Amino acid sequence: MSKWTAAADANRGTLEFSIAQEDVQKGLKAAFEKNKDKIAVPGFRKGKVPMALFLQKFGEEALYQDVMDIVLPAAYQAAVADAGITVVGQPDIAPVSMEKGADWEMKAEVAVAPEIKLGDYTGLAVEKQDAKVSDEDVDAEIKRMQENQAELVLQPEGTKAENGDTVVIDFDGSIDGDHFEGGQSKDYSLELGSGSFIPGFEEQLVGHVAGDDVDVKVTFPEDYQAKDLAGKEALFEVKLHEIKRKSLPELDDEFAKDVDEDVDTLDELKAKTKKNLEEARQQAADDAFEDAAVEAAVKNAEVVGGDIPQEMIDEDVHRQMQQYLGQLQQQGISPQMFFQISGQTEDSLKKQFAEGADTRVKTNLVLEAIVKKEDFQPSDEEVAAEVKDLASQYNISEEQVKQSLSDALLKHDIAMKSAVDKIVSTAKAK
């Protein structure tokens, strides 16, 4: 039996429980078997000393630490289940009494998932985005395709650089006459107006011609990733070698076939583009409607007992980071490489994912509360369909899905989707 005592903060408390002497004795035998090959007793080879002799000579207390490692996890989990609480984070467990021949008494200080008091989560009025696609939208998308097909043409001598041009430059940066690391390059191609350089840099090259030497003066942003440069004024000595300008292809049937081999005319390309835009807009509108409906349901719910435990926030941030870095790893980008090329640190990435973590955690708690209230219990047929869908989505076998995800986890995910469907399917567009 266990005893749960909530603290003044209802999301924390003390769990008291016992480890039966019978289990302690089983643990002693297991601990002795684990250590007997290391035990040296005169007159016996290692591994051959009888347990009774060992206990007589050293006392069972010599094995208590190993016994604790063996018996505590199961006893703690049983106590948590008996108390009917959902522990989050790592418990702080300490022995209260470990008397020889008696049950061991333990105490754990733990944080628990808070109770959620649901508000309205069905029949919510949610704004619906307009998914219409105009002719102007289609023209803009065709224009983007045209830009992507453009060729860079070297401009004749005396041509003045304009926004949209690509210039080939050498540059050498310094602060108060001191050149800094990373401030030099040769034959660098820079698109003017792209905003890829420090604010104010590209603008100062507009109007110049190939062969010009230009002194570009800029101030690094206060939040610049290189802290030793942040907020400082710098001088870049720039040599402008070439100016290249985009040459756009004609918008005709040949262009359409170059862009999409499944069409023969520009009209067909426009029709296909409009259909694609409509599908994308509708999907975006549906996603936004779903997000807004779930957000409204979460806003209507209340976290009982105060704030969400920090342990749950930390766990969410850790999970988000691991998922993000894992996705990069699949693309061949190691965490070390990512931090190097992005200029971020592990702490700055953690801070980034910490934004909105409390909302993400509350959202999951609300959805789980809806699952419980609605008594969503996915069937075996739904689990099989989910396995099939995941296998198709990730191009792996159904057996691989089953090996990676337990039935319990699959059923949890399906139930959570059911909770979202309950919210969204009953929501009304306003």
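The structure we're discussing is the one just above.
The structure reproduced in this document is the subject of the present report. Quantities reported herein were computed from a predicted structural model and do not represent experimental measurements.

About the thresholds
- Residues numbered from 1 in each chain as written.
- Predicted model: local features only at pLDDT ≥ 70, side-chain atom pairs only at ≥ 80, totals over all residues.
- Heavy atoms only, no water.
- Helix = DSSP H or I, 4+ residues; strand = E, 2+ residues; numbered from the N terminus.
- Expected span 1.5 Å × (residues − 1).
- Buried < 20%, exposed > 50% of the residue type's maximum accessible area, 1.4 Å probe, protein only.
- Contact = heavy atoms within 4.5 Å.
- Polar contact = N/O pair within 3.5 Å; in protein donor to acceptor, adjacent residues only side chain to side chain.
- Core = buried A, V, L, I, M, F, W, Y, C linked by side-chain atoms within 4.5 Å.
- Pairing = 2+ DSSP bridges.
- Axes fitted to C-alpha atoms, helices over the stretch in contact; angles between N-to-C directions.

**Topic: helix α10 (residues 357-374)**
Taking 1.5 Å per residue as the helical rise, α10 with its 18 residues ought to reach 26 Å, and the 26 Å between its terminal C-alpha atoms agrees with that figure. Three or more residues of α10 are buried, namely A357, V361, K362, T363, L365, V366, L367, A369, I370 and V371. Residues of α10 that are buried sit in contact with β5 (116-117), α6 (266-300), β12 (302-303), α7 (310-330), α9 (346-354) and α13 (407-426). In the segment just after α10, D375 is the residue with positive phi, at about 55°.

**So, the side chain of D165**
Its place among the elements puts D165 in the loop between β7 (151-154) and β8 (166-175). Of the polar contacts made by the side chain of D165, one reaches the backbone nitrogen of E162; its length is 2.8 Å. In this structure, D165 is in contact with K160, L190, E191, L192, I243, K244 and R245, ignoring residues within four places of it in sequence.

**Describing the nonpolar core**
In terms of nonpolar packing, the biggest core is built from 39 residues, with I116, L349 and I423 touching the most fellow members. Among the elements of the structure, α6, α7, α8 (335-342), α9, α10 and α13 are those that each provide at least two residues to this core. Sort the elements by how many residues they give to this core and α10 lands first, with eight residues. For I116, the contacting residues outside a window of four places in its chain are A301, E302, V303, V304, L365, V366 and A369. Counting residues in each nonpolar core, the second largest holds 27 residues, with V24, L63, V110 and V112 among its members.

**Points about α7**
Look at α7: 30 Å from first C-alpha to last across 21 residues, which is about the 30 Å you get at 1.5 Å a residue. Where α7 is buried, its residues touch β3 (87-97), α8, α9 and α10. Count one or two residues on from α7 and you reach G332, which has phi positive near 90°.

**Remarks on the sheet that holds strand β2 (residues 12-19)**
Through backbone hydrogen bonds, the strands of a sheet pair up, either in parallel or in antiparallel fashion. Pairing is antiparallel in the open sheet, where four strands are placed in the order β1-β2-β4-β3. Taken across any chain shown, the strands that pair with only one partner, and hence form the sheet edges, are β1 (2-6) and β3. Looking at each pair of strands side by side, their axes are set apart by 20° on average, direction ignored. Taken together, the five bridges between β1 and β2 define a ladder with antiparallel strand orientation. Note that in β2 the partner of T5 across the bridge is T14. Helix α3 (residues 64-83) contacts β1, β2, β3 and β4 (104-112) of the sheet and is inclined by roughly 120° relative to β2. Where α7 meets the sheet, it contacts β2, β3 and β4, and its direction lies at approximately 130° from that of β3.

Don't take any of this as a statement about function, it's just geometry.
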